[in-house]
Amino acid sequence: MEQKWDSLLTTKAKKIAIAKIDEIAIILSRSAENINDIALMGDGAGLALFLAYYGRYKGSKEHQNCCNNVVEMILGLSISNEPYFPFAGGISGMCWTVQHLNDNGFIEADIDELFSDLDAPMKDIMLRYMNESDYGYDFLHGSIGIAFYLLKRKNIKCRAYVELLFNELKKKAIVDDKNKTVKWESPAMVAFYDFGLAHGLATIVNFLSRYIDIIEDKEIPSKLLRGLIKFMRHNEQDPKIFNSYFPSKLDERDFAPNPSRLAWCYGDLGIGISLFRASETLDDYELKTYSLKILSHAVTRIDPNDTKVEDAGLCHGAMGNALIFNRLYNMTGQEEFKKSAVYWYDVGLDMGIHKDGLAGYKAIHSGNLVNDSTFLNGITGIGLSLISAVSNIEPRWDECLLIS
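Fair warning: this is a prediction, and the values are worked out from it, not measured in the lab. (Residues numbered from 1 in each chain as written. Predicted model: local features only at pLDDT ≥ 70, side-chain atom pairs only at ≥ 80, totals over all residues. Heavy atoms only, no water.)

## With respect to the side chain of Ser296
Reasoning step 1: With respect to the helices, strands and loops of the structure, Ser296 is situated in helix H12 (residues 285-299).
Reasoning step 2: The residues touching Ser296, leaving out its near neighbours within four places in the chain, are Gln334, Glu336 and Phe337. (Helix = DSSP H or I, 4+ residues; strand = E, 2+ residues; numbered from the N terminus. Contact = heavy atoms within 4.5 Å.)

Encoded structure:
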């Protein structure tokens, strides 16, 4: 169900943001003429998302038509290129994008006719990633990202495929009956646990919550979900000492402190919003209160040495933080989240100052500032985040980041 969405920015910041959005649109419209990538998190399907939302924001048929052209191009590329299935860069993310655009009235497509032949091969790859690759359950590059798309398909066959993945996930669960905890080792690593949303345990929290929401027999997955949350809470840190409630990663052979950044990919923001979702799935008021305590603490973190925010992208940058706080404000009505969203939008706008950047923006890659047009790290995602700040259009696309 579509949520009422309030425009966030006002006066000077809004004028700057609108100018940046338009500048980004000019750059990306030009690049739409030469698509060679299907990636949702890259320059292909992610570009289609921006053009769709920008076209709706501006009431522009030109950009809506451009979105349609990009969709046609990425569909053609997906057929002509060697099949590659991960959510971030492959077919499952592209398929999610086309279905999202169709479901939200941006395009008209027969999803079953387009993609039903891909469901079974996608299932096989999903199970192979879980059992035979170093990516394992990883959201962006492994099996859960593919399962997330198959859940989106909302048919009996695809739900049966997702159940197969759940069964494999259940087999790999490390259950501690004494402490009533459940955990999953990071793929290909012994006694090592990634807590983040992009690749780690918060992914499983988020996925299990979505899976439980659509199945009838909820007992076993709910038990696993509660056990995982209990494991994570057993490893809570003192935020007064480490700034974050949760470590970025945990190595049980070396319990050295591991503070986490403030970002979607790693740290309390991605974990907190996943716990919030779990609290609604489990109808657990105490867990919801706990998740909001974590997220309220995240509001206080603005020291760059602590947050590690060095660029503006969605993954680990200012516009990603702003988007999450904006989503939290619209979900909860809590003013502290609104203020934090405005703060991070101001930070992100202040970063668009590079004369040789794209709309003034550069992204950090391996310690270097580079031009980046992609959805996850570059101006495509920055533009989408800004549209959600200056308009009443709900950024339903943030589902692909497990935010909504």
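There's plenty left to go through after this.
## Observations concerning the nonpolar core
Reasoning step 1: In terms of nonpolar packing, the biggest core is built from 145 residues, with Met41, Trp184, Leu201, Phe207, Trp264, Phe375 and Leu401 touching the most fellow members.
Reasoning step 2: The greatest single-element share of this core, amounting to nine residues, is contributed by helix H2 (residues 45-58).
Reasoning step 3: If we skip the residues at most four places from it in the chain, Leu401 touches Met41, Leu197, Trp264, Leu314, Phe375 and Leu376. (Core = buried A, V, L, I, M, F, W, Y, C linked by side-chain atoms within 4.5 Å. Buried < 20%, exposed > 50% of the residue type's maximum accessible area, 1.4 Å probe, protein only.)

## Thoughts on the packing of aromatic side chains
Reasoning step 1: In total, this model carries 15 aromatic pairs according to the counting rule given.
Reasoning step 2: With a centroid separation of 6.3 Å and 25° between ring planes, the pair formed by Phe325 and Phe337 is classed as stacked. Of this pair, Phe325 sits in helix H14 (residues 318-332) while Phe337 is found in helix H15 (residues 335-350), placing the two residues twelve residues apart along the sequence.
Reasoning step 3: Looking at Phe337, the relative accessible area reads 0%, which means it is buried. (Phe/Tyr/Trp six-rings, centres within 6.5 Å; stacked < 30°, edge-to-face > 60°.)

## Considerations on the side chain of Thr203
Reasoning step 1: Within the secondary structure, Thr203 is located in helix H8 (residues 201-214).
Reasoning step 2: Residue classification places Thr203 among the buried residues on the basis of a relative accessible area of 0%.
Reasoning step 3: Apart from residues lying up to four places away in sequence, Thr203 is in contact with Tyr137, Phe139, Ile144, Gly196, Leu197 and Ala198.

## As for helix H16 (residues 379-390)
Reasoning step 1: Here H16 spans 16 Å end to end across twelve residues, near enough to the 16 Å set by a 1.5 Å rise per residue.
Reasoning step 2: Taking burial as the measure, the twelve residues of H16 include twelve buried ones, the bulk of the element.
Reasoning step 3: Within H16, burial applies to Ile379, Thr380, Gly381, Ile382, Gly383, Leu384, Ser385, Leu386, Ile387, Ser388, Ala389 and Val390.
Reasoning step 4: Tucked inside the fold, the buried residues of H16 contact helix H1 (11-31), H2, H14 and H15. (Expected span 1.5 Å × (residues − 1).)

## Here we look at H2
Note on helix geometry: an α-helix contains 3.6 residues per turn, so any two residues three or four positions apart are oriented the same way.
Reasoning step 1: Along its 14 residues, H2 runs 20 Å from first to last C-alpha, staying within 8% of the 20 Å computed at 1.5 Å per residue.
Reasoning step 2: Burial analysis of H2 places eleven of its 14 residues in the buried class, which makes it a mostly covered element.
Reasoning step 3: Residues of H2 that are buried sit in contact with H1, helix H3 (61-80), helix H4 (91-103) and H16.
Reasoning step 4: Two residues or fewer after H2 comes Gly59, characterised by a positive phi angle close to 65°.

## Digging into the pattern of salt bridges
Reasoning step 1: Applying the stated criterion across every chain, the model contains 18 salt bridges.
Reasoning step 2: Ionic pairing is found between Lys362 and Asp356, a salt bridge with its closest N-O pair at 3.5 Å.
Reasoning step 3: Residue Lys362 is classed as buried on the basis of its relative accessible area of 15%.
Reasoning step 4: Here the residues in one salt-bridge network are Asp112, Asp119, Arg153 and Lys157, joined through shared partners. (Salt bridge = Lys/Arg side-chain N within 4 Å of Asp/Glu carboxyl O.)

## Some words on unusual backbone geometry
Reasoning step 1: The phi angle at Ala188 is positive, at roughly 65°, despite the residue not being glycine.
Reasoning step 2: Looking at the element boundaries, Ala188 is found in the loop between strand S2 (181-183) and strand S3 (192-194).
Reasoning step 3: Assessed through its relative accessible area of 63%, Ala188 is described here as exposed.
Reasoning step 4: With a phi angle near 65°, Leu402 is a residue other than glycine that sits in the positive phi range.
Reasoning step 5: By the secondary structure assignment, Leu402 is in the segment after H16.

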